[in-house]
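# What the coordinates show
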Amino acid sequence: MFKPLLLVAIAMVAFAANSLLCRMALAHTSIDPASFTAVRLSSGACALLFLSFVLKHRVLTTGPYKNLWQGLKNNANLLGGLTLFLYALCFSYAYVSMSTGTGALLLFGAVQLTMISFGLASGERFKFLQWLGFILAFAGLVILLLPSASAPPLLAGVIMVAAGMSWGVYSLLGKKSSSALLATSGNFVYATVLCFVLGVVVHFMIGFNLVLDTKGLVYAIASGVVASGCGYAIWYSALPLIKSTTAATVQLSVPVLATLMGWAVLGEQLSLQITIASVMTLGGIYLVIKN
C-alpha cells in the first residue's frame, strides 16, 4: 500500500507544479499559450524518450518488446496523444484568465466527474461514507465558483472544464497500459506532432503570430520535463494500482496544493472562500480514501 500512496503523492505535487508554472508563464511573461503548450509537450517528449532509451534494457527485456520503437508503438495510441494534446492546449488558454488555485479546482473537478462516471458505469461502487466524502469534496468546488472576486470568467471556466474532461479520459486510458514510461513517452510524441500541426495551421493559414519569451520558455521546459513528463510517467505507474473512483477523488488534493503554491510564490489571494473550499475538498478526499 505504501508504494501506490507514495507514487500518487509525488504525482499530485507535480500536477500542482504544472498549474503554478503555467500561470507564472502566461501571467508574468509574454509567451503565448500555443507556444507554451508546444514547448511544454515537445520538451516533455524529449525527456521521456531519453529516459526510455536509458532504461530500455530494464524496461524492454522484462516485456515482450524487441526494441524501443515497438515498445512505444504497443503502449501508446493516438487517442492518448489526442486527449493529452487537448488537455494541454485548453489548460494553457484557460490559465490566461484565472488564478493558480481556481484553475486547478475547476480542472480536477471536471477530472473527477469524468473518472467517477466511468468507474460507476464499470461497476465500481462507493460506500455511504465515500459518497459523503465525494459530495463534501464536490461541494467545496461549488463554493469556489460562487460569484466573487475569485470566480473565473465564464469562457475560461468552460475551457478549463474541457481540459479536465480530456485529462480524465487520458487517465482512464493509463489504467490499460502495461508500461507507464513507454505509454507516456509515446503519447507525448503523438501530442507534440498534433501541437506542431496546429501551430503551422494557426501561424501560416490564419496569420496568428506566436510570441516567445526567455522566462516563458524556461517555465514551459520545466513544466514539460519535470512536472509533465516525469510526473505523468509516475501517475501512469500508480493508476493500475488504484480504483478509478479513488484516482479521481485523490486528484482533488491538487487544487489545494496549487492554491498554496500560488499564494506562496505569486502572492495570489488566499481568501476565506478558497480556504473553506480547500478544507472541504481535503476532508472529502480523506473519507473516500479511508473507506
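Look up: the structure comes first, before these words.
Residues numbered from 1 in each chain as written. Predicted model: local features only at pLDDT ≥ 70, side-chain atom pairs only at ≥ 80, totals over all residues. Heavy atoms only, no water.

### What to know about the environment of Val-96
Within the secondary structure layout, Val-96 lies in the loop between α5 (78–94) and α6 (100–121). When the C-alpha atoms of Val-96 and Arg-23 are compared, they prove to be 7.2 Å apart, with 73 residues separating the residues in sequence. If near-sequence neighbours (up to four positions away) are discounted, Val-96 is found in contact with Arg-23, Leu-26 and Pro-33. (Helix = DSSP H or I, 4+ residues; strand = E, 2+ residues; numbered from the N terminus. Contact = heavy atoms within 4.5 Å.)

### Details of the packing of α5 against helix α8 (residues 154–174)
Packing of α5 against α8 leaves a shortest axis separation of 8 Å and a crossing angle of 155°. Taken together, the axis directions place α5 and α8 in an arrangement best described as roughly antiparallel. In this structure, α5 meets α8 at a crossing whose hand is left-handed. Along its contact with α5, which presents Leu-79, Gly-80, Thr-83, Leu-84, Leu-86, Tyr-87, Cys-90, Phe-91, Tyr-93 and Ala-94, the element α8 presents Ala-156, Ile-159, Met-160, Ala-162, Ala-163, Ser-166, Trp-167, Val-169, Tyr-170 and Leu-173. In the contact of α5 with α8, the residues fall into 17 nonpolar, three polar and no charged. (Axes fitted to C-alpha atoms, helices over the stretch in contact; angles between N-to-C directions. Parallel < 35°, antiparallel > 145°, perpendicular 65-115°, else oblique. Left-handed = near helix turned anticlockwise from the far one by under 90°. Nonpolar A, V, L, I, M, F, W, Y, C, P; charged D, E, K, R; others polar.)

### Focus: the nonpolar core
Across soluble globular proteins, you tend to see nonpolar side chains buried next to one another. Ranked by size, the top nonpolar core spans 62 residues in total, and within it Phe-15, Leu-84, Tyr-87, Met-160, Trp-167 and Trp-235 carry the most contacts. Take this core: its biggest share by element is nine residues, from helix α1 (residues 2–28). Excluding residues that lie within four positions of it along the chain, Phe-15 makes contacts with Phe-108, Trp-167, Gly-231, Tyr-232, Trp-235, Gln-251 and Val-254. (Core = buried A, V, L, I, M, F, W, Y, C linked by side-chain atoms within 4.5 Å. Buried < 20%, exposed > 50% of the residue type's maximum accessible area, 1.4 Å probe, protein only.)

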